[in-house]
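# Structural description and commentary
Next come the chains, spelled out residue by residue.
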Amino acid sequence: MITLRPANARGHANHGWLDSWHSFSFASYFDDKHVHWGPLRVINEDRVAAGRGFGEHGHRDMEIISYVLEGALGHKDSMGNSSSIVPGDVQRMSAGTGVQHSEFNYNEAGTTHFLQIWIIPDRQGVTPSYAEKAFPATEKQGRLRLVISPDGSDGSISIHQNARMYVGLFDGSEKAELSLAEGRLGYVHVARGEVTVNGKPLKAGDALLYDAEPLVSIERGIGAEVLVFDLPRMP
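Let us look at the structure shown here. A quick note: this is a predicted structure, and the numbers were derived from the prediction, not measured.

Conventions used here
Residues numbered from 1 in each chain as written. Predicted model: local features only at pLDDT ≥ 70, side-chain atom pairs only at ≥ 80, totals over all residues. Heavy atoms only, no water. Helix = DSSP H or I, 4+ residues; strand = E, 2+ residues; numbered from the N terminus. Buried < 20%, exposed > 50% of the residue type's maximum accessible area, 1.4 Å probe, protein only. Areas by Shrake-Rupley, 256 points an atom, 1.4 Å probe, with all protein chains shown as cover. Lys, Arg positive; Asp, Glu negative; His and termini not counted. Charge placed at Lys NZ, Arg CZ, Asp CG, Glu CD. Pairing = 2+ DSSP bridges. Axes fitted to C-alpha atoms, helices over the stretch in contact; angles between N-to-C directions. Polar contact = N/O pair within 3.5 Å; in protein donor to acceptor, adjacent residues only side chain to side chain. Contact = heavy atoms within 4.5 Å. 1 Å grid on protein atoms, 1.4 Å probe; cavity = no way out; pocket = protein on both sides within 12 Å on 5 of 7 lines; lining within 4 Å. Points joined across faces, edges and corners; volume = space filled by probe spheres on them. Nonpolar A, V, L, I, M, F, W, Y, C, P; charged D, E, K, R; others polar. Core = buried A, V, L, I, M, F, W, Y, C linked by side-chain atoms within 4.5 Å. Phe/Tyr/Trp six-rings, centres within 6.5 Å; stacked < 30°, edge-to-face > 60°.

### What to know about the overall build of the chain
Tallying secondary structure elements over the chain gives zero helices and 20 strands in all. Oriented by its inertia axes, the alpha-carbon framework of the chain measures out at about 45 × 40 × 35 Å. Across the 235 residues in the chain, those meeting the buried criterion constitute 55%. Carbon and sulfur atoms form 49% of the exposed surface of the chain, whose accessible area is close to 10000 Å². Computing the positive centroid from 22 side-chain charges and the negative centroid from 29, the chain places the two 1 Å apart.

Put into structure tokens, the structure is as follows:
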């Protein structure tokens, strides 16, 4: 079964400095049909105004991934990390026993547009850790590049969950497929552009949920950037 989750069906909150769309229940938005998909707990599409950001706040027992689409996202945390991530970078913070961090758009001239992704870990109480890595567009063009995995395979960033995240860029005749093993779930999120996935035309913000489906098939992109998740079922 493949279920469409249209962009305009997501939760939405506009705080002035922050315009956020929630694919899953988050903060004051609750939808009992969209709390999580396997361990995929959050996909927030955030636009942060120039010179604004999220003040220091805490997390525990969550794998937190940031993926910037436009602008730059400043990051500081209680582990001593200080960084600015830009398009093409993938950042992962394993909150584990607890971490404090802040995120900020230091650019006074433009908006930072990014995806904040949370994945429920397969164990609690791990030592907090941080990683980031740049994945050039050439590695994602016309294919699905593994960027998150449980074992760091193929140069990806590791997380504490048997989940994988791929990113691909698609234009014109470019095509890619991803096989999903029996018993696995899939999730496709279109970050921007237009693309056809398993025969369904999608636009930015649209998503597809896969249950008992063997294949994700991507084609006919127009400036498309696509995230694909290969996920276990939750107990």
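### A look at the sheet that holds strand β12 (residues 129–134)
The strand order across the open sheet built from seven strands is β2-β3-β4-β11-β6-β9-β12, with neighbouring strands paired in antiparallel fashion. In this open sheet, the two strands that pair with only one neighbour each are β2 (11–14) and β12. Along the sheet, successive strands turn relative to each other by an average axial angle of 15°, direction set aside. Relative to strand β11 (residues 112–119), strand β4 (residues 40–48) runs antiparallel, the two being bridged by eight bridges. What sits directly across from Val42, in β11, is Trp118.

### Side note on the side chain of Glu225
With respect to the helices, strands and loops of the structure, Glu225 is situated in strand β20 (residues 215–231). You can call Glu225 buried: its relative accessible area is 5%. A distance of 2.7 Å separates a polar atom in the side chain of Glu225 from a polar atom in the side chain of Arg192. If near-sequence neighbours (up to four positions away) are discounted, Glu225 is found in contact with Tyr67, Leu69, Lys140, Val167, Gly168, Leu169, His189, Val190, Ala191 and Arg192.

### A short note on the side chain of Ser25
Along the chain, Ser25 falls in the loop between β3 (18–22) and β4. Overall, Ser25 belongs to the buried group, its relative accessible area being 3%. The residues touching Ser25, leaving out its near neighbours within four places in the chain, are Phe30, Asp31, His34, Val35 and Arg41.

### Concerning the layout of surface pockets
One number sums up the size of the largest pocket: a volume of about 220 Å³. The wall of the largest pocket is formed by 16 residues, among which Leu18, His22, Phe26, Asn44 and Phe54 lie closest to the centre. In terms of residue class, the lining of the largest pocket is built from six nonpolar, eight polar and two charged.

### With respect to the nonpolar core
By size, the foremost hydrophobic cluster in this structure holds 28 residues, and its most contacted members are Leu40, Ile117, Met165, Tyr187, Leu227 and Phe229. Ile117 has contacts with Leu40, Val42, Ile43, Glu63, Ile64, Ile65, Met165, Leu227 and Phe229, leaving out every residue within four places of it along the chain. Judged by nonpolar contacts, the second largest core, of 19 residues, contains Val190, Val195, Ala224 and Val226.

### Here's the deal with the packing of aromatic side chains
The tally for this structure, following the rule as stated, stands at six aromatic pairs. Ring plane angle 65° and centroid distance 6.3 Å describe the contact between Tyr187 and Phe229, whose orientation is recorded as edge-to-face. Residue Tyr187 is located in strand β17 (residues 185–197), and its partner Phe229 is located in strand β20; the two are separated by 42 residues in the primary sequence. For Tyr187, a relative accessible area of 1% puts it in the buried group. Judged by relative accessible area, which is 0%, Phe229 ranks as buried. One aromatic cluster in this structure is built from Trp17, Phe54 and Phe114.

### A closer look at empty space enclosed by the protein
In the structure shown here, the tally under the stated rule is one cavity of 30 Å³ or more. The computed volume of the largest cavity comes to approximately 30 Å³. Every residue lining the largest cavity is listed: Ile64, Ser66, His75, Gln91, Met93, His101 and Glu103. Looking at the lining of the largest cavity, the elements that each hand over two or more residues are β6 (63–70), β9 (89–94) and β10 (99–104). Of the residues belonging to the lining of the largest cavity, the class tally is two nonpolar, four polar and one charged.

Geometric descriptors of this kind do not, in isolation, establish any biological role.
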